[in-house]
2 protein chains.
Amino acid sequence: MVETTLSPLAPASFPSLPAIAAVRLGTVAAGIKYKDRPDVTFVTFPEGTVVAGVFTRSLTPGAPIQWCRDALAASGGACRALVVNAGNSNVFTGEEGYDASAETARAAAGLLGCAAETVMVSSTGVIGVPLPYEKIVAALPSMALSEDGWEAAARGIMTTDTFPKGATAKALVDGAVVTVNGIAKGSGMIEPNMATMLAYVVTDAAIAAPALDRLLRDVTARSSTPTTVDSDTSASDTVLLFATGAAGHARIEDADDPRLDDFRDRLEGVMGDLARQVVRDGEGATKFITVTVTGAEDDAAAKKVAKSIANSPLVKTAIAGEDANWGRIVMAVGKTYEKVDPTKLSVVFGGQRVTENGRVRTGYDEAALTGHLKGSEIDIAVDLGVGGGRATVWTCDLTHGYIAINADYRS
Amino acid sequence: MVETTLSPLAPASFPSLPAIAAVRLGTVAAGIKYKDRPDVTFVTFPEGTVVAGVFTRSLTPGAPIQWCRDALAASGGACRALVVNAGNSNVFTGEEGYDASAETARAAAGLLGCAAETVMVSSTGVIGVPLPYEKIVAALPSMALSEDGWEAAARGIMTTDTFPKGATAKALVDGAVVTVNGIAKGSGMIEPNMATMLAYVVTDAAIAAPALDRLLRDVTARSSTPTTVDSDTSASDTVLLFATGAAGHARIEDADDPRLDDFRDRLEGVMGDLARQVVRDGEGATKFITVTVTGAEDDAAAKKVAKSIANSPLVKTAIAGEDANWGRIVMAVGKTYEKVDPTKLSVVFGGQRVTENGRVRTGYDEAALTGHLKGSEIDIAVDLGVGGGRATVWTCDLTHGYIAINADYRS
């Protein structure tokens, strides 16, 4: 492991996440891979809790993903616990890998007196190494769990993350105030790479399992949570949404019920916040970049262009070098083959419109643009001039730090 | 510009390219952007020469691409000259940019007494800056051209390239021996990035323009010239194939004529050689990586998987770090969503089969693999276990050198 220091884009502190009744969390150093740091996290939920999940679309998913999918199908969404380990992803580990996830779930279920399929499991870390699940099984019985263990849990699920990630919000559902707490891990450049993103969101709202599932899919598909959305990255990407139902309002059966409107907005806010924190912890990142594309043929085209800009190593390295090389942005638009009117194409970089009539706009304030690039929050806004499609994507710059971290990870 | 040193993957020397009768080349320092180095290259062809072109699919192509397309349509493939400048790409330069390309072509045509549309032009370098075409126009009349100017021309078209690129072959067409000479430039990581690749191939074979066009399209679409093929990268990517017809055999009218079989193979060899040289000059590259994918559903699926592996920053950085992290290869397969049988998936890394039955193959020789990774020629072979599709892609590793070059290019 390379010694990593706190990301310069990290928030000042971990937010204060309030307790959610009967949701208890704990973490312990079980020696999965790391030494002297917590690497197994255990969360228990009260009876009646339901869960929905969105997982990686990878065709070589990890064993924990397969376990969660099978368990969700068997349990109908009923859930009593979550076990997460860091340091070993249990990916590409064959049948024994699946058994390791199952044994982990059975051990937790045995402690709670519930069915194994009501236990979700996640693993992140090195690929292809058998998971020493017996260490997890041995650690669970003596773990200290408490309702105020949110920050500890956020730390326990970290791998190459340099800071723990959490977000919280209150929402009104049918007159009741409910809490939405989320924790996440992820520190890669994420898509188009393969670093794993895990996010767990817990609420005390009462929502039927099928409605919760629809809600989660809707929110993760929204453009305002772009890094969370696709789940098309590593073999382990996982977003789980747990609802205990303890808030006291009548259970909502339908995802389209207008009583969920405020909740949906707040959930989207929490998930967007977590997604942005993952970007802020991008490996080697020194700049947080917001790419907004408008005027596209449709939203999908806008997203494709925004991702092309956000994922371009040449754009990312230019920004790392504080170089006002807007030509690379134009090129990243062109290489998507999405419809664009070059004569109307508008590139606004750091607040300066740099293009006009299909060429550089003479007289833009290059000094102001250069000043913007010296900061840590970079804005790129592109209008394609052909339609009403729009999308926002967040990313970070590409630096020597990224190379240092990734050229020496496994060793 | 960052000071660049010769790529450690460069060939020992520039190959000896023989003269092709009446094809004359020259290059001169015209001060387009660089100081004291040749940056304008002029090539003239005898009457009767025809040309075919394959260009970037970018929807924001450079003005020279638009000029070449228009000229080819107007001339029906007749060609008398090629003018290439380095240091300024004439991309995103508006109507004036198109005029600059046209003025360049007109100046060359005036010297030769031919029509402007029989002059091809290319430009590479910085984007969005008006091309000082008057410097090119002023330089052309006094340029010294000769039949042995191949290496000079290969040097004159370089930008961030660290070595000139050339290849040559002889082919038999209808009993006549013909020559195939090629020069190219390109030093980016190419697709999925935006560095420009230019390749010019000249032969004295006699091939009708429509047949030449079909031949070029066929060869660039073949999997053995993968980096040349797609032309889906920068706004300037250009491959031009010129045929003077001076070899003395009867003109071939049909691309499917079996008398072209040997020529087609040799042309593919020259273009593949040039493509591999471009990869060997990848910015910051220290390792040449060959990715071969077999057992895919079809060739297109194989190519998608091979590119996913070749383009993955996590695979590239692992190889830069000489780290036997084959798990990242498995992940790069999975994230394509192409059909794969995980239990049959075979990953052979540096000659060592590392997977078996959906997990790591115990007993592979990790020391041998580590030894392979310390070399500069890296092999990755993946079999997906589902069909007969296959593809080969070449790439290079991702190093601190890439960041250094690209974080400080424009400044």
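Residues numbered from 1 in each chain as written. Chains lettered and ligands numbered in written order. Predicted model: local features only at pLDDT ≥ 70, side-chain atom pairs only at ≥ 80, totals over all residues.

### Some details on the relation of the copies chain A and chain B
Working step 1: When chain A is fitted to chain B, the residual RMSD is 0.0 Å, and the transformation amounts to a turn of 180 degrees plus an axial shift of 0.0 Å. Put plainly, the chains are arranged around a two-fold axis. Within chain A, A:H400 has its C-alpha nearest the rotation axis, a separation of 2.9 Å.
Working step 2: Looking at chain A, 100% of its interface residues are interface residues in chain B too, so the copies touch through the same face. (Least-squares fit on C-alpha atoms with pLDDT ≥ 70 in both. Contact = placed C-beta atoms within 7 Å.)

### Focus: the interface of chain A and chain B
Working step 1: Across the contact, 50 residues belong to chain A and 50 residues belong to chain B.
Working step 2: Going through the elements one at a time, helix 9 (313–320), helix 10 (327–334), strand 14 (359–360) and helix 12 (400–406) of chain A are the ones with two or more residues in the side of chain A that touches chain B.
Working step 3: For the side of chain A that touches chain B, the element with the highest residue contribution is helix 10 of chain A, accounting for seven residues. (Helix = DSSP H or I, 4+ residues; strand = E, 2+ residues; numbered from the N terminus.)

### So, helix 5 (residues 209–221) of chain A
Working step 1: Taking 1.5 Å per residue as the helical rise, helix 5 of chain A with its 13 residues ought to reach 18 Å, and the 18 Å between its terminal C-alpha atoms agrees with that figure.
Working step 2: Among all positions of helix 5 of chain A, only A:A211, A:L212, A:D213, A:L215, A:L216, A:V219 and A:T220 are buried. (Expected span 1.5 Å × (residues − 1). Buried ≥ 20, exposed ≤ 12 C-beta atoms within 10 Å, placed from the backbone.)

### Looking at the sheet that holds strand 5 (residues 119–126) of chain A
All names here are of chain A.
Working step 1: Read from one edge to the other, the open sheet built from four strands follows the order 1-2-4-5, with strand pairing classed as mixed. Only two strands of the sheet have a single neighbouring strand rather than two, namely strand 1 (24–28) and strand 5. Taking the axes of each pair of neighbouring strands and ignoring which way they run, one obtains an average angle of 10 degrees across the sheet.
Working step 2: With five bridges joining them, strand 2 (residues 40–44) and strand 4 (residues 81–88) adopt antiparallel strand pairing. In the strand pairing of strand 4, T41 is matched with V84.
Working step 3: Of the strands in this sheet, strand 2, strand 4 and strand 5 are in contact with helix 2 (residues 94–112), which crosses strand 5 at around 135 degrees. (Pairing = 2+ DSSP bridges. Axes fitted to C-alpha atoms, helices over the stretch in contact; angles between N-to-C directions.)

### Some points on the domain arrangement of chain A
Think of interface size as the accessible area that goes away when the parts come together; that is how it is often given.
Working step 1: Each assigned domain of chain A is listed here: domain 1 (24–280) and domain 2 (288–406).
Working step 2: On a C-alpha basis, the centroid separation for the pair domain 1 of chain A and domain 2 of chain A is 33 Å. (Domains from an automatic or database assignment.)

### Looking at the sheet that holds strand 10 (residues 288–296) of chain B
Residues and elements named next belong to chain B.
Working step 1: Spatial strand order, 12-11-15-10-16: five strands in an open sheet with mixed pairing. The sheet is open, and its two edges are formed by strand 12 (352–353) and strand 16 (389–396), each paired on a single side.
Working step 2: The pairing of strand 11 (residues 346–349) with strand 12 spans two bridges and is classified as antiparallel. Paired with V348 across the two strands is R353, which belongs to strand 12.

### So, the pairing of strand 8 (residues 198–203) of chain B
All names here are of chain B.
Working step 1: Judged by how many residues are buried, strand 8 sits mostly within the fold: six of six residues are covered.
Working step 2: The alternating pattern of strand 8 places L198, Y200 and V202 on one face and A199, V201 and T203 on the opposite face, and all of these are buried.
Working step 3: When strand 7 (residues 176–185) meets strand 8, the two strands line up antiparallel, connected through six bridges. Residue pairing across strands places A184 opposite A199, the latter belonging to strand 8.
Working step 4: In this structure, strand 8 lies alongside strand 9 (residues 238–243), joined through six bridges in parallel fashion. Considered in strand 9, the bridge of Y200 is made with L240.

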